[in-house]
Amino acid sequence: MSRYDLVVFGASGYTGQFVAEEVARSVTGSQTWAVAGRNRKKLEAILEEAGKHVGRDVTGEAGVLVADINDPDSLRQMCAMSKVVLSCVGPYRFWGAPVIEACISEKCHYVDICGETEVLEDFENRYHDQAESAGIHIVQTCGFDSIPADLGMLYTIQSFPGYITHAESIHRATTGPSGGSVHTGTWESLIHGLANAGELRKKRSSLPPIQWQGPKLKKRGAFFKARETGRWTVPFPGSDVSVVRRSQRARQNAGQQPVQYGCYFDIGSLLGVIALMLWGVMLFLFTRTRWGVRFAIKHPRLLSFGYFNEQGMTRKQLSECSFSTTFYAKGFSDKSQMLVPCYVPLHITPT
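The paragraphs below set out a description of the structure included in this document.

So, how was this worked out
- Residues numbered from 1 in each chain as written.
- Predicted model: local features only at pLDDT ≥ 70, side-chain atom pairs only at ≥ 80, totals over all residues.
- Heavy atoms only, no water.
- Patch = residues over 30% accessible without salt bridge, like charges linked within 9 Å, V, L, I, M, F, W, Y side chains within 5 Å.
- Areas by Shrake-Rupley, 256 points an atom, 1.4 Å probe, with all protein chains shown as cover.
- Salt bridge = Lys/Arg side-chain N within 4 Å of Asp/Glu carboxyl O.
- Helix = DSSP H or I, 4+ residues; strand = E, 2+ residues; numbered from the N terminus.
- Buried < 20%, exposed > 50% of the residue type's maximum accessible area, 1.4 Å probe, protein only.
- Expected span 1.5 Å × (residues − 1).
- Contact = heavy atoms within 4.5 Å.
- Pairing = 2+ DSSP bridges.
- Axes fitted to C-alpha atoms, helices over the stretch in contact; angles between N-to-C directions.
- Parallel < 35°, antiparallel > 145°, perpendicular 65-115°, else oblique.
- Left-handed = near helix turned anticlockwise from the far one by under 90°.
- Nonpolar A, V, L, I, M, F, W, Y, C, P; charged D, E, K, R; others polar.
- Phe/Tyr/Trp six-rings, centres within 6.5 Å; stacked < 30°, edge-to-face > 60°.

Details of a nonpolar patch on the surface
- Taken together, Phe223, Leu270, Ile274, Met277 and Leu278 make up a surface patch of nonpolar side chains, about 440 Å² in accessible area.
- Structurally, Phe223 is set in the loop between helix H8 (197–204) and strand S9 (224–225).
- Relative accessible area serves as the criterion here: at 39%, Phe223 is assigned to the partly exposed category.

Some points on helix H1 (residues 14–26)
- For H1, which comprises 13 residues, the first-to-last C-alpha distance of 19 Å matches the rise-based estimate of 18 Å (1.5 Å per residue) to within 8%.
- Taken together, the buried positions of H1 are occupied by Tyr14, Gly16, Val19, Ala20, Glu21, Val23 and Ala24.
- Where H1 is buried, its residues meet strand S1 (6–9), strand S2 (33–37), helix H2 (40–54), strand S4 (84–87), strand S8 (182–183) and helix H13 (315–320).

Overview of the pairing of strand S11 (residues 260–268)
- Within S11, seven of the nine residues are buried, which leaves it mostly tucked inside the rest of the structure.
- Strand direction decides the pairing type here: strand S7 (residues 163–174) and S11, joined by six bridges, are parallel. For Ile170, the partnering residue across the bridge sits in S11 and is Tyr264.

Looking at the packing of helix H5 (residues 117–134) against helix H9 (residues 240–253)
- Closest axis-to-axis distance for the H5/H9 pair is 9 Å, and the angle between their directions is 25°. Classified by the interaxial angle, the pair formed by H5 and H9 is roughly parallel. In terms of crossing hand, the pair formed by H5 and H9 is right-handed. Residue-level inspection shows Thr117, Leu120, Glu121 and Glu124 of H5 in contact with H9, the latter providing Ser242, Val243 and Arg246.
- Per-class residue counts for the contact of H5 with H9 are two nonpolar, two polar and three charged.

Observations concerning the sheet that holds S2
- Ordered by their spatial adjacency, six strands build an open sheet running S3-S2-S1-S4-S5-S6, and the pairing between neighbours is parallel. Because the sheet does not close on itself, it has two edges, and the strands there are strand S3 (62–66) and strand S6 (138–139).
- One ladder, built from five bridges, connects S2 with S3; its direction is parallel. Within S3, the position partnered with Ala36 by the bridge is Leu65.
- Each of S2 and S3 touches H2; the most contacted strand, S3, lies at about 160° to it.
- Running over the sheet, helix H3 (residues 72–80) touches S1, S2, S3 and S4 and is turned about 150° from S1.

As for the pattern of salt bridges
- Applying the stated criterion across every chain, the model contains 17 salt bridges.
- Glu49 serves as the salt-bridge partner of Lys52, at 3.8 Å between the closest nitrogen and oxygen. With Lys52 and Glu49 both in helix H2, this residue pair falls three residues apart, about one helical turn.
- By relative accessible area, Lys52 is classed as exposed at 66%.
- Judged by relative accessible area, Glu49 falls into the partly exposed class, the value being 31%.
- The network of salt bridges with common partners includes Glu21, Glu22, Arg25 and Arg315.

Describing the packing of aromatic side chains
- Taken as a whole and judged by the stated rule, the model has 16 aromatic pairs.
- A ring pair is formed by Phe144 and Phe236, whose centres lie 6.0 Å apart and whose planes are at 70°; its orientation type is edge-to-face. Taken as a pair, Phe144 in the loop between S6 and helix H6 (147–159) and Phe236 in the loop between strand S10 (232–235) and H9 lie far apart in primary sequence, 92 residues in all.
- When its relative accessible area of 14% is taken as the criterion, Phe236 is described as buried.
- Here Phe224 and Tyr264 contribute two aromatic rings whose centre-to-centre distance is 5.2 Å and whose plane-to-plane angle is 85°, an arrangement assigned as edge-to-face. A residue pair is termed long-range when its members are at least 10 positions apart, and Phe224 in strand S9 and Tyr264 in strand S11 qualify at 40 residues. Judged on exposure class, the residue Phe224 and its partner Tyr264 are both buried.
- Joined through ring pairs, the aromatic side chains of Phe144, Phe236, Phe265 and Phe323 make up one cluster.

Encoded structure:
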């Protein structure tokens, strides 16, 4: 039996349903794909719903595979039937490794939307050599973390009119009249990431240093009014810096010049920054103990004042929201080695 070109694992979950819809919208006639998960009826319902939004019936073109994250045999069977598995089953610190190991076993490429910094760096150390031996690719962080940052950095490097040494980006998100919210899957990743931040520092200390060019890029502080925008801004707490740093290490290993990078998030008002920092301190204190972590995982709506919930954003909210990422780069304009500023705007609006 020939393999599917792509299998969306976890397609009946909150994020997986949108991924399945986008795959249905993007595939061509020659490409084959399937959805996978624990419940066949839910998967079939997802395909029916996707068909309504893409304007055609996809139940006949997409396969349905039953696979359970707690059943290694079912995972291997799923991977044996696919060229690429796109996993939407998180948090990845708990559910990423079983799928990757099944992909390695069956020589199937792996893609996910993980934004958990410690997990990304741990998986690279654990699975890089195995994946290379199996002849497969493990490609993580293919969501908001960290496509805009990593590809934006590449675009900035390629577009810079000289010798680039530094780049910084500022994310800005906007919501519409219906407001916004975040699904609890992201909340769980956030809480576990805060609880395990110390382990990440230990792992990074063993890596060889990157040979940066030019003056050291200075961190701007815990909060500040960005000179580029005139708006209050904070360091971005996601995995973007880690992912871009990993790409720059790869550039160095390939004999290319690595570029220093900083990432920030536009809050807008000083009041918003103060509220965010107080909330962050509260979460930090909760994640210092196992009891606090359990309580935070159990009560996302309470501890986020309703912003994180089990429903996530509605389709109406998604249609009204957007985000932009703007890069600001510095480097040498010519052989005189004179440091000059340049900015490269990269605006991305979901459709």
